[in-house]
Amino acid sequence: MNEHNTYMQRCLELAKKGLGHTAPNPLVGCVIVHKGIIIGEGYHQKYGAAHAEVNAIHSVKNKDLLQDSIVYVNLEPCSHFGKTPPCADLLIKHKVKEVYIANTDPNPLVAGKGIEKLKNAGIKVTTGILEKEAAILNKRFFCFFTKKRPYIILKWAKTLDGFMDIDRSQPGSNLNYWITNDELKILVHKWRSEEASIMVGTNTALNDNPQLNIRLWQGNQPLRLVLDEYLNLPETLELFNQQHPTIVFTSQKSENKHNISFYTINFNENPIQQILDYLYEINIMSVIIEGGRELLQTFINQELWDEARILTGNKNFGKGLKAPEIEGNIASEEEINKDWLSIIYK
């Protein structure tokens, strides 16, 4: 790995620290190098807070060194006024010598304008350093701007014999049956903290009464989403405890309540696309679909997914509700305390 790749890899490591806190902004890290020595580092820590370049420059003790320094950043410095001033202007102000960038920004507000600003100021700019790795890190951000929808993660647990739920027609079927171990349960809550929203269908809300929060982890709570075409779900469900913002997608008109809002869609005309369009409209960059089978399979059938996370518990149900069927590229498989985690990309 050459020195440019090494410094850019450090940018990615820094950027990843912001996962779950920067949306709808991207994950960005910045490294400042003077004569082969890192003199400053920073990353975008939270939406609305200072960007990576600002934090990196702030960390440099001797600002006079900046005009003879090289800046590494995994995403093109912004060129417009948003929550903060343009980072491209800041780099120009400090007369940095050179800037290495992994990805150009897909956001039309930036999209090459930051690079153009830097070049016009006489700063040498090189792009494409660890471009693929950086794009994977910001997969949510890139999906949002290129596909005009949130990044979609499908997640479910299944038994060794391929069932995701027990036979609900049997006595005692109103109980919850955990398929995987406590370690994976904690991991799922960590995943939730990293995404902007989480969705379930009507049957899952009714049968499992999920809270869809991150009580086993620390971080930001995802926006809770549920489908309830005819508003038949009882108000006593955990989803309606008003502790966290929740959107109900329905065909019926209903008054919004504290932390619970209703969005009307036409269930006869591709409701999934209508939901994704609305999430795009309100700047939701990612969503985890946690069930049930019908909802998951609908996303699969419409090829509206980017990633699937499948948990396989070390047990058998014998009969029950079959897990969805999916085809894709297996990115990783690992054993976690006798259970299995498989990650699949579309």
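The text that follows walks through the structure, step by step, so that each part is easy to find. Only a predicted model underlies this, so the values are computations on that prediction, with no experimental measurement involved.

## What to know about the nonpolar core
Among the nonpolar cores identified, the biggest contains 31 residues, and Ile152, Leu154, Trp156, Met199, Ile289, Phe299 and Ile326 are the most heavily contacted of them. The set of elements that each furnish at least two residues to this core consists of strand 6 (151–158), strand 9 (223–227), strand 10 (246–250), helix 9 (271–281), strand 12 (286–289), helix 10 (293–301) and strand 13 (307–312). Looking at this core element by element, the count peaks at five residues for helix 9. Beyond its immediate chain neighbours, meaning those up to four positions away, isoleucine 326 contacts Leu154, Trp156, Ile300, Trp305, Ala308, Ile310 and Ile344. Counting 26 residues, the second-largest nonpolar core is a separate cluster that includes Ala52, Ile57, Leu75 and Leu91.

## Quick notes on the packing of aromatic side chains
Applying the stated criterion across every chain, the model contains nine aromatic pairs. Measuring from centroid to centroid gives 4.9 Å for phenylalanine 141 and phenylalanine 145, while their planes differ by 65°, and the two rings are edge-to-face. Of this pair, phenylalanine 141 and phenylalanine 145 both sit in helix 6 (residues 139–147), four residues apart, roughly one helical turn. Taken individually, phenylalanine 141 and phenylalanine 145 each receive the classification buried, so the pair is uniform in this respect. Ring centres of phenylalanine 249 and tyrosine 263 lie 6.0 Å apart, and the angle between their planes is 80°; on these two criteria the pair is classed as edge-to-face. In this pair, phenylalanine 249 is assigned in strand 10 and tyrosine 263 in strand 11 (residues 260–264), connecting sequence segments 14 residues apart. Overall, tyrosine 263 belongs to the partly exposed group, its relative accessible area being 27%. Aromatic rings pair up to connect Phe141, Phe142, Phe144, Phe145 and Tyr280 into one cluster. Positioned above the aromatic ring of tryptophan 178, the side-chain terminus of lysine 185 is 4.0 Å from the ring centre. A cation sits over an aromatic face here: arginine 309 above tryptophan 191, 4.8 Å from the ring centre.

## Focus: the state of the cysteines
One pass over the full model with this rule turns up zero disulfides. Cysteine 11 forms no disulfide, and the closest cysteine sulfur to it belongs to cysteine 30, at a distance of 6.0 Å. Its sulfur unpaired, cysteine 78 is 3.8 Å from the next cysteine sulfur, which belongs to cysteine 87.

Cut-off values and rules
Residues numbered from 1 in each chain as written. Predicted model: local features only at pLDDT ≥ 70, side-chain atom pairs only at ≥ 80, totals over all residues. Heavy atoms only, no water. Core = buried A, V, L, I, M, F, W, Y, C linked by side-chain atoms within 4.5 Å. Buried < 20%, exposed > 50% of the residue type's maximum accessible area, 1.4 Å probe, protein only. Helix = DSSP H or I, 4+ residues; strand = E, 2+ residues; numbered from the N terminus. Contact = heavy atoms within 4.5 Å. Phe/Tyr/Trp six-rings, centres within 6.5 Å; stacked < 30°, edge-to-face > 60°. Lys NZ or Arg CZ within 6 Å of the ring centre and 35° of its normal. Disulfide = S-S within 2.5 Å.

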